[in-house]
Amino acid sequence: MSSALRRMSTSPFSSCAFQQRTSSWWPSRRPPSTPTSRRSLVVVAAASNFANENREYVIVGGGNAAGYAARTFVEHGMADGRLCIVSKEAVAPYERPALTKGYLFPLDKKPARLPGFHTCVGAGGERQTSEWYKEHGIEVLYEDPVAAIDIQNQILTTSSGNHLKYGSLIISTGCAAVRFPENIGGNLPGVHYIRDVADADSLVSSLEKAKKVVVIGGGYIGMEVAAAAAGWKLDITIIFPEDRIMPRLFTPSLARRYEELYQKNGIKFIKGVLIDKLEGGTDGRVATVLLRNGSIIEADTVIVGIGAKPVVSPFEAIGLNNNVGGIQVDSLFRTSIPGIFAIGDVAAFPLKIYDRMARVEHVDHARKSAQHCVRTLLTAHTQPYDYLPFFYSRVFEYEGSSRKIWWQFYGDNVGDTIEVGDFDLKVATFWLDSESRVKGIFLESGSPEEFSLLPKLAKSQPVVDRAKLQSVTSVEEALEIASSSL
């Protein structure tokens, strides 16, 4: 299969994955960059009055990683009166994956809503509402993102002009959605991007009135949003330039099976085409999607899911990785500046198991990198971060769905593939190298026991009997062969 996972500068998956690589969605136009501030370094003289009371530890960013970092500070007894979180969001950190899944369900199908999915419920932890932060003495500054940093004096300046003092700094700014340029309709009313609760609320408002929905992008975001929108019983079309969905993970056979499932749920596909522009109607709202081949698709709601870019501004001077993007850190999430760390989607870190640099856009890494970083900061912990790539998706989980889908993938999708099973029941795909070592494994509709076996196989990379694996017809048999090699 593709060698995408071997290269530092590319991404194996369509979204929420290793460093994003966006497709040529519009001809002869480059995707827009995440806005960056020219005020990367400022010197604040006479900054005796700071807006934050808690100054020993400051986390910039209010996403998944920030929530799990806060919990780790509390677990070590180092949060009360010491920790400050500076966030652009209006609410406390939450489990972001819900936004493209349960949050978009119709109102009569029990959609997810806050405070139900604040961190750290996604990993079985306590629900950390705004009151939780107050009770633990954590200062949270909402809706005031950091706009500048004075590294020498350890001072941050927010967009409102407030000055914040820090002793140790953790950068957890995550990613921003890649947007279509304004001159091709990227900012028209009815055109949506999803990164936060406000985005999801806006989309739900559109879905309540929508009739024809176009989803642009065949990766994680596109597939999950389309599946959730199917619960609204709307006319849904997914458009993407590749020849199949999830091309950086799904084999052609696997992609075909999922496409058939989506089609059974009334979702249409237009593959191998580029977007020319989005056009508005007489009311100014998006009305049509013009394709490069001349086709015109009607739409009153458009969701764009074509990738994400790490939010590195205003921290460029700390040191970036130009291959995978993001802020360069070591195996303990330390940047080139003493006392400054970076975690989650924005961190470019050494992926020990495969001996290369990587940047992972996934909630699992956000959680684990936050916990590892804070332990490093607060204790004598010096064990290198040893992350095993893990991705999953859950779709069609709304009430009344004919089939709920949940798959998991662990490891590296390189080498030859062997697919086993009946998709109507469960299916598995194994990636084997030239020595028949298991490099990666994908499982759809497995049991908890079967899913728990996947990381063991991907981590230990056992040599399996290739001929036996190819000869079996059930997933159970295939997993038994692989597990016997551990």
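To start, this report covers the structure provided alongside it. (Residues numbered from 1 in each chain as written. Predicted model: local features only at pLDDT ≥ 70, side-chain atom pairs only at ≥ 80, totals over all residues. Heavy atoms only, no water.)

### Quick notes on the pairing of strand β26 (residues 438–444)
Counting buried residues along β26, 7 of its 7 residues qualify, which places the element largely inside the surrounding structure. As judged from the 5 bridges shared by strand β23 (residues 405–411) and β26, these two strands associate in the antiparallel manner. Paired with W407 across the bridge in β26 is E444. Pairing analysis gives 6 bridges linking strand β25 (residues 426–432) to β26, with the strands arranged antiparallel. Each bridged residue has a counterpart across the sheet, and for T429 the counterpart in β26 is F442. (Buried < 20%, exposed > 50% of the residue type's maximum accessible area, 1.4 Å probe, protein only. Helix = DSSP H or I, 4+ residues; strand = E, 2+ residues; numbered from the N terminus. Pairing = 2+ DSSP bridges.)

### Some points on the sheet that holds β26
Hydrogen bonds between backbone atoms are what pair the strands of a sheet, whose relative direction is either parallel or antiparallel. What the 5 strands build is an open sheet, ordered β22-β23-β26-β25-β24; its pairing is antiparallel. Only two strands of the sheet have a single neighbouring strand rather than two, namely β22 (390–395) and β24 (416–422). Averaged over all adjacent pairs, the angle separating strand axes in this sheet is 10°, with direction ignored. Packing against the sheet, helix α5 (residues 252–264) makes contact with β22, β23, β24, β25 and β26, and its axis sits at approximately 40° to β24. Against the sheet, helix α9 (residues 475–483) contacts β24, β25 and β26, and its axis sits at roughly 35° relative to β25. (Axes fitted to C-alpha atoms, helices over the stretch in contact; angles between N-to-C directions. Contact = heavy atoms within 4.5 Å.)

### Observations concerning the packing of aromatic side chains
Under the criterion given, the structure shown has 23 aromatic pairs. Aromatic side chains F250 and W407 sit 5.9 Å apart centroid to centroid with 70° between the ring planes, which places their arrangement in the edge-to-face category. With F250 in the loop between β11 (235–240) and α5 and W407 in strand β23, this residue pair connects regions lying 157 residues apart in the sequence. W407 matches F250 in its accessibility class, with the two residues each being buried. Ring centres of Y385 and Y387 lie 5.7 Å apart, and the angle between their planes is 10°; this geometry places the pair in the stacked category. For the residue pair Y385 and Y387, the accessibility class agrees, reading buried in each case. Each residue in the set Y220, F250, Y258, W407, F423 and F442 is aromatic and connected to the rest through ring pairs, giving one cluster. (Phe/Tyr/Trp six-rings, centres within 6.5 Å; stacked < 30°, edge-to-face > 60°.)

### Quick look at the packing of helix α7 (residues 448–460) against α9
Look at α7 against α9: their axes get within 11 Å of each other, and the N-to-C directions meet at 35°. Crossing of α7 over α9 shows left-handed handedness. Contacts from E450, L453, L454 and L457 of α7 reach α9 at E476, L479, A482 and S483. Looking at the contact of α7 with α9 residue by residue, the classes come out as 5 nonpolar, 1 polar and 2 charged. (Left-handed = near helix turned anticlockwise from the far one by under 90°. Nonpolar A, V, L, I, M, F, W, Y, C, P; charged D, E, K, R; others polar.)

### Some remarks on the environment of V225
Looking at the element boundaries, V225 is found in helix α4 (residues 220–229). Since its relative accessible area comes to 1%, V225 is described here as buried. When the C-alpha positions of V225 and L388 are compared, they lie 26 Å apart, and in sequence the two are 163 residues distant. Setting aside chain neighbours within four positions, we find V225 in contact with T100, L104, I194, L203, V215 and I303.

### Observations regarding the pairing of strand β13 (residues 275–280)
Inspection of the sheet shows β13 paired to strand β14 (residues 286–291) by 5 bridges, in the antiparallel sense. By the bridge assignment for β14, K277 is matched with L290.

### Re the side chain of T376
Its location among the elements puts T376 in helix α6 (residues 363–378). Here H372 takes part through its backbone oxygen, which lies 2.9 Å from a polar atom of the side chain of T376. Excluding residues that lie within four positions of it along the chain, T376 makes contacts with L332 and H381. (Polar contact = N/O pair within 3.5 Å; in protein donor to acceptor, adjacent residues only side chain to side chain.)

These results come straight from atomic positions and should not be treated as a statement about function.
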